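Below, each chain spelled out in residue letters.
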Amino acid sequence: HPLWQNSVYDPVLKPLKISYDPTTCLHIWNNGYSFLVEFDDSADRSIIVGGPLENQYRLKQFHFHWGAINEWGSEHTVDCKFYPAELHLVHWNAVAYPTFEEAVMEGDGLAVIGVFLKLGAHHEGLQTLVDALPAIKHKDTVIEFDVFDPSCLIPQCPDYWTYAGSLTTPPLTESVTWIIKKQPIEVDENQLEAFRMLLFTSDGEEEKRMVDNFRPLQPLMNRTVRSSFQ
Ligand SMILES: COc1ccc(CNS(=O)(=O)c2ccc(S(N)(=O)=O)s2)cc1
Ligand SMILES: [Zn+2]
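Reading the values: the criteria
Residues numbered from 1 in each chain as written. Chains lettered and ligands numbered in written order. Predicted model: local features only at pLDDT ≥ 70, side-chain atom pairs only at ≥ 80, totals over all residues. Heavy atoms only, no water. Helix = DSSP H or I, 4+ residues; strand = E, 2+ residues; numbered from the N terminus. Salt bridge = Lys/Arg side-chain N within 4 Å of Asp/Glu carboxyl O. Buried < 20%, exposed > 50% of the residue type's maximum accessible area, 1.4 Å probe, protein only.

Chemist: Explain unusual backbone geometry to me, please; I cannot follow it from the model alone.
Modeler: It is generally the case that most residues other than glycine have a negative phi and that most peptide bonds are trans. Omega for the peptide link from proline 170 to proline 171 comes to 10°, which places this bond in the cis form. Position of proline 171 relative to the elements: it lies in the loop between β12 (160-165) and β13 (176-181). In this structure, aspartate 79 is a non-glycine residue whose phi angle is positive, near 55°. Along the chain, aspartate 79 falls in the loop between β8 (77-78) and β9 (85-92). Unlike most non-glycine residues, leucine 172 shows phi in positive territory, near 55°. Positionally, leucine 172 belongs in the loop between β12 and β13.

If you want it as structure tokens, here you go:
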């Protein structure tokens, strides 16, 4: 999604408030499309509020999209530039809807924080995830993941873009308030290569490396992207 050129500064936008409880972390698994870290969302223990949001939203899972090479991989672009990978932290509106599955179908059901990954310094917090990847190389493999604070993957800079959009994988429902952080996080080449060692395929099948698991850019049409910064 082309950010920046077509964005309008909105002075009404508030800072996003993020409060995650690291002990709500459950497991990390390979679902055949990406790898996901899932959280216990049975109570309001890991939530975001503020920003463009009317309600608070509960953290459900986070996952990544990345390319086969560093020239592409993100699902949003800034100034026509792709990043090598993009993190999505998926939250749902448990104030308005009883279940995640119902929230997925509603316009104000989900809020996804997008964070760009840029090639650079080693990322200590990400390394914890990278160390777990060999154990979930194949589709439908899972390992327990007791404590992880996803805040370590979110840049300090408060600036973000926001727009009303959709899931980037089926069911592609238009239920997402996208909140894309302007500042990328830096990860090193070995960490990106570790993502590319995962497989789309199950154990025993012909190996297909998990790369280029991003949706191609979609036309902006008449959508407005707002920025929280000038
Ligand atoms: C009806 O039950 C359902 C319906 C839909 C899902 C999909 N899973 S999901 O909603 O977490 C996401 C899919 C794509 C995401 S992205 N790349 O836009 O952040 S998030 C699961 C269960
Ligand atoms: Zn995603």
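Still more ground to cover, so stick around.
Chemist: What am I meant to see in the pattern of salt bridges here?
Modeler: It is possible for side chains bearing opposite charge to pair when their charged atoms get close. Counted by the stated rule, this structure contains eight salt bridges. In this structure, the salt-bridge partner of aspartate 44 is arginine 58, at a minimum N-O distance of 2.4 Å. Here arginine 58 lies in strand β7 (residues 57-66) and aspartate 44 lies in the loop between β5 (35-39) and β6 (47-50), a separation of 14 residues in the sequence. Between lysine 182 and aspartate 159 there is a salt bridge, with the nearest N and O atoms lying 2.9 Å from each other. On the criterion of sequence distance, the pair formed by lysine 182 in the loop between β13 and β14 (185-187) and aspartate 159 in the loop between β11 (141-144) and β12 is long-range, its members being 23 residues apart. On the basis of relative accessible area, lysine 182 is assigned to the partly exposed category, the value being 32%.

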